[in-house]
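The primary structure of each chain is shown beneath.
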Amino acid sequence: MVSKELVPLQMECTLLFQSNPYMIETAEGISKKLGRKVDDILPIIDQLENQGILQMLGDEFSPLYRYKEPKIIQDIDFSEEVDSI
Amino acid sequence: MLSATGINGLDTILGGGLPAGSAIIVEGAPGTGKTTLGVQFLYNGIKQYNENGIFITFEEFPEQIYADMQRFGWDLQELERKNQLRVISLSPDTLIQQMLLTNGLFEQMVNEVDCRRIVIDSISLLKFLNQNSEVKGREILYTLRNILRKFNLTSLLIQEQSDLNVEHVPFEHFIFDGLIRLSLKEHLQLFRQRTLEVLKMRGSSILEGEHIYRITEEGIYVVLASRTVSDIQDSQSDLRLKTGIASLDNILGGGLDKGNIYMLDTNSKANYRNIITSILAERIKAGDQLLTILSSIQSIEELAALLRLHQVDLDKVIEERKMFFIEHYNRPISESWRNAVFHVKGLDNEKYNHFLKYELYPKINSDMKKDSSWFIYYDLNAIINERGTDYVLRHFATETASARSKGMTVLVLCNFKEVGINVASFLERSCNGVLKTWVDGSYQYLQITKASNGDISKPYLLENMQEFPYIRLI
């Protein structure tokens, strides 16, 4: 299993919301939950919002973020392909 | 309207469930299972009562809750996919902000899942939103309660244990509708016992006391206090002898069990005469044959007067040869009652025993062949005074066993305190049921401390009434 620390921050953030789909957090709250600096988190949040993974709620002065569930979720198992390589 | 929790035992304690739309605090120390109780309340609501729910967590990751609850077989994510549940993680201030907004996130989510039940884990954090102002903290909780009421949500608000020793009662105990406390206590030195107590439930009558609970593979499981393993019994059965006091019959599960031996343990201050008279009157009305051992402080005249108050004419009963007395004292007896009285004064223990064996029992035996039921009132205090403790120790068990084998019901009057611990424990063992009545201060109490159905009751207050049957248990 790959250590979480090695996963890029964007992936960490996406996983956090995917595992807790009804989490509503400020940037500070997300940084506390991930144990990362807020300054590092802010650009990632922007990026995820642009990609349609996160949705911003509230106003610009006190923004909140929630997970925007994709329309279709599909589990894909790559293990067989990985084994054959 | 009640919102059943579906948790074994808890709904019985609550008289059916939580009042729908009420906001209840669940208080407890870490490890008592507050979160489990909250999730179980929501899960059962969805699965058993078609009431959807929301779980709000301030500190815990929802994924941790999903994983923890899997051990009970509760797939919370599946319920989320079916739009029946939301496990929402957010900060306390965000919750309050969103609750206050018109069509805010809170309102949206309540509508999204058609939410009827909510759990907030925990309100301890809400109180600390404004550390510098206790007044502001109160306002937040007051606002929260009002919003929950507005949406008519049945709510469990989890709270860390408040200090039991402080005299100050936390503000939230006043404003919310109920309080359930979960505790961990030392048990048999090595173990810890979990107990649940409902301390407040507005508009409901509850089963008081601390009830033991276990966290089983199916979640929280409460075992009611004052109950031991009981036989399945029919309270309406003919084998239940009514006492004439409806509230006492209820506690006894319908009445005294026919063919059993009951002890009424009374202290010197307690008034037991009304209880005894009511039971005797009820047996006479039911057509039973009665045998009574008279005490030094109760003559037939006094008994006749008491029975008259219970609508029984003793003259008529004696005339019909339905009631007999064993008399240890030389007291004047009216001519018409003479044939009903066996005088045993002057008989030593051996002769008294001979009288029982060869005169009284054969008479009762021949009478029993006529299908009559016998009820015996045995004033053990009189026998101890007249015949001594040794006599009782030697013969009581044999006499009661013989009565039981013949299907007779026996009510024994005794003062356990006077006879001493060893004799009392012997007597208690010989009886199927023990009713204890005592006076403490200005009040008299009655408690079933042993019953054939296994139930041990709480102490009831005995209240005198002006009208028949003159006693009520509260």
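All figures in this text were calculated on a predicted structure; none of them were measured in a lab. (Residues numbered from 1 in each chain as written. Chains lettered and ligands numbered in written order. Predicted model: local features only at pLDDT ≥ 70, side-chain atom pairs only at ≥ 80, totals over all residues. Heavy atoms only, no water.)

### A short note on the confidence of the model for chain A
Per-residue pLDDT for chain A has a mean of 82; in total, 76% of the residues score no lower than 70. When pLDDT is averaged over each element of chain A, strand β3 (residues 64-67) of chain A comes out on top at 93 and helix α4 (residues 79-84) of chain A at the bottom at 65. (pLDDT = per-residue confidence, 0-100. Helix = DSSP H or I, 4+ residues; strand = E, 2+ residues; numbered from the N terminus.)

### Quick look at the nonpolar core
Residue and element names in this part refer to chain B. In this structure, Ile56, Leu76, Phe106, Leu144 and Leu196 are the most contacted members of the largest nonpolar core, which totals 70 residues. In terms of residue count, helix α2 (residues 34-49) provides more of this core than any other element does, six residues in total. Ile56 has contacts with Ile88, Leu90, Leu95, Phe106, Ile118, Val119, Ile120 and Asp121, leaving out every residue within four places of it along the chain. Judged by nonpolar contacts, the second largest core, of 43 residues, contains Tyr272, Ile276, Ala340 and Val341. (Core = buried A, V, L, I, M, F, W, Y, C linked by side-chain atoms within 4.5 Å. Buried < 20%, exposed > 50% of the residue type's maximum accessible area, 1.4 Å probe, protein only. Contact = heavy atoms within 4.5 Å.)

### Description of the sheet that holds strand β1 (residues 24-25) of chain A
Residue and element names in this part refer to chain A. Strand order across the open sheet formed by three strands is β1-β3-β2, with antiparallel pairing between neighbours. Of all strands in the sheet, those with a lone pairing partner are β1 and β2 (54-57), marking the two edges. Examined bridge by bridge, β2 and β3 share four bridges and lie antiparallel to one another. Bridge assignment links Leu54 to a residue of β3, and that residue is Tyr67. (Pairing = 2+ DSSP bridges.)

### As for the interface of chain B and chain A
Facing the 16 residues of chain B at the interface are 12 residues of chain A. Of the roughly 1,300 Å² buried between chain B and chain A, counting both surfaces, carbon and sulfur atoms make up 56%. Of all residues in chain B, the largest losses of buried area upon contact with chain A belong to B:Phe61, B:Ser89 and B:Leu105, amounting jointly to 35% of the total for that side. Our count for the chain B to chain A interface comes out at five residue pairs in polar contact (both at pLDDT 80 or more). Sorting the residues of the side of chain B that touches chain A by element identifies α3 (62-70), β5 (85-89), α5 (92-100) and α6 (105-112) of chain B as the ones contributing at least two each. Among the elements that make up the side of chain B that touches chain A, the one with the highest residue count is β5(B) (four residues). (Buried area = accessible area lost by both parts, 1.4 Å probe. Polar contact = N/O pair within 3.5 Å; in protein donor to acceptor, adjacent residues only side chain to side chain.)

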